[in-house]
Every structure is written in structure tokens, then in C-alpha cells.
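# A structural walkthrough
Each chain, written out:
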Amino acid sequence: MTDLTAAPHERGVIRLFSLDMRPEEAKFLREPGAADQVLGVSGLDPEQIDVFPVSDLEDLGLYGYLSEGCGVSEDQLNRTDLEQVDGWVMVLRSAAFGGRSATLVPDRRLRLIGLFTEEATNWHGGTIETESAKPFSAPQPKPDAGQPRRSGSALIALLVLLIVGGALWLIL
């Protein structure tokens with residue numbers, strides 16, 4: 001895989017391009033399908049592509065945008081190189097490909113600054129060693145506990161039958 005090739009089902013990859021074009025042209029890349037044209041692919045999700053001037057980031061800068069906003073680990077970033085980038089940039093997330101493979105053929109006015117990966121969440125936990133985590137460690141209920149008593153309801157049913165039967169006997 002090269003920096004311009006997206007593997008099928010690629011996840012968590014961010015490609016950062018600098019844009020050597022007039023601001024009007026760069027703004028136009030926000031329109032659906034426009035980024036497809038300058039990247040030489042079709043079917044990109046425009047919601048996964050950001051196009052903006054670096055000056056909009058103010059004090060945060062590209063370094064902060066990538067580390068704090070996109071979850072890129074700091075060991076992948078070179079603050080000095082990112083501070084030298086000015087003008088307009090395009091951020092292309094791998095989710096824009098919709099799980100499809102693609103090879104980018106960028107317009108000559110786009111220059112790949114870098115390929116970065118988002119920090120993945122580690123969903124693996126360690127073994128729980130507490131006593132309560134062991135199988136069958138919960139207190140066992142007593143055999144009679146939780147069993148409803150039916151003698152009271154049977155007595156009420158018998159009483160209702162006697163009253164209804166007595167009422168019918170008086171009527172007939």
C-alpha cells in the first residue's frame with residue numbers, strides 16, 4: 001500500500017494535502033463531487049473530507065488539529081513541519097472511501113503532506129481477579145425463597161365462589 005492507495009475496509013487513516021490554488025477554487029472543493037475530481041476517484045463521502053485555510057485554526061494549528069481533533073498520536077507529528085504549512089489544506093479520512101479500495105491520482109495542485117493514523121481504542125481488558133467475578137460466586141437463593149404462596153389466593157377464590165353462589169341461590 002502506498003500513501004495514495006486506500007486498502008479495502010481501511011480505517012483510521014488521515015491523508016493531509018496542501019492545496020496550491022486560489023481560495024475560490026479551494027472553497028469549491030467543499031461541494032459534493034468536487035474533491036472526487038481533484039483526487040481522481042469517484043464516490044467519496046464529502047462528510048469525511050475537510051477543506052479549510054490553516055489560518056482558521058488560529059492558535060491550535062495543524063499540529064493541534066491532528067493531535068487533539070483527529071486523535072493522531074504525537075509521535076507521528078512533526079510540529080516544525082506542520083507549522084510551515086500555510087494556505088488551504090484538505091483532510092481526507094479513510095471513511096470517505098466507504099470501505100472500498102481506491103488509488104488516488106491527485107491533481108498537480110495537491111501535494112500530500114502526510115499520512116497519519118488515528119489512535120485506536122484498545123477494547124481488550126485484563127482478567128478480573130476479584131472473588132465476585134468467579135462463576136457461581138453469587139449467594140444462592142434458598143429453595144423456598146421467591147416461591148409465591150397460593151393458599152391465600154385459593155381462599156379468596158373460594159370465598160368469591162360462595163358469595164356468587166349464594167347470590168344466585170337467592171335470585172333463583
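Structure: see above.
This report concerns the structure included in the present document. All values reported here derive from a predicted model rather than from experimental measurement. (Residues numbered from 1 in each chain as written. Predicted model: local features only at pLDDT ≥ 70, side-chain atom pairs only at ≥ 80, totals over all residues. Heavy atoms only, no water.)

### Quick notes on the packing of aromatic side chains
Each aromatic ring pair is specified by the distance between its two centres and by the angle formed by the two planes. Under the criterion given, the structure shown has one aromatic pair. Relative to Tyr65, the ring of Phe52 lies with its centre 5.1 Å away and its plane at 55 degrees, an arrangement referred to as tilted. With Phe52 in strand S3 (residues 49-53) and Tyr65 in helix H3 (residues 61-69), this pair connects stretches of sequence that are 13 residues apart. (Phe/Tyr/Trp six-rings, centres within 6.5 Å; stacked < 30°, edge-to-face > 60°. Helix = DSSP H or I, 4+ residues; strand = E, 2+ residues; numbered from the N terminus.)

### Concerning the side chain of Ser94
Of note, Ser94 is situated in the loop between strand S4 (88-93) and strand S5 (102-103). Leave out the neighbours within four places in its chain, and Ser94 touches Glu10, Arg11, Gly12 and Val13. (Contact = heavy atoms within 4.5 Å.)

### A look at the side chain of Ser67
Mapping Ser67 onto the fold places it in helix H3. Setting aside its immediate chain neighbours within four residues, Ser67 contacts Val72, Glu74 and Leu77.

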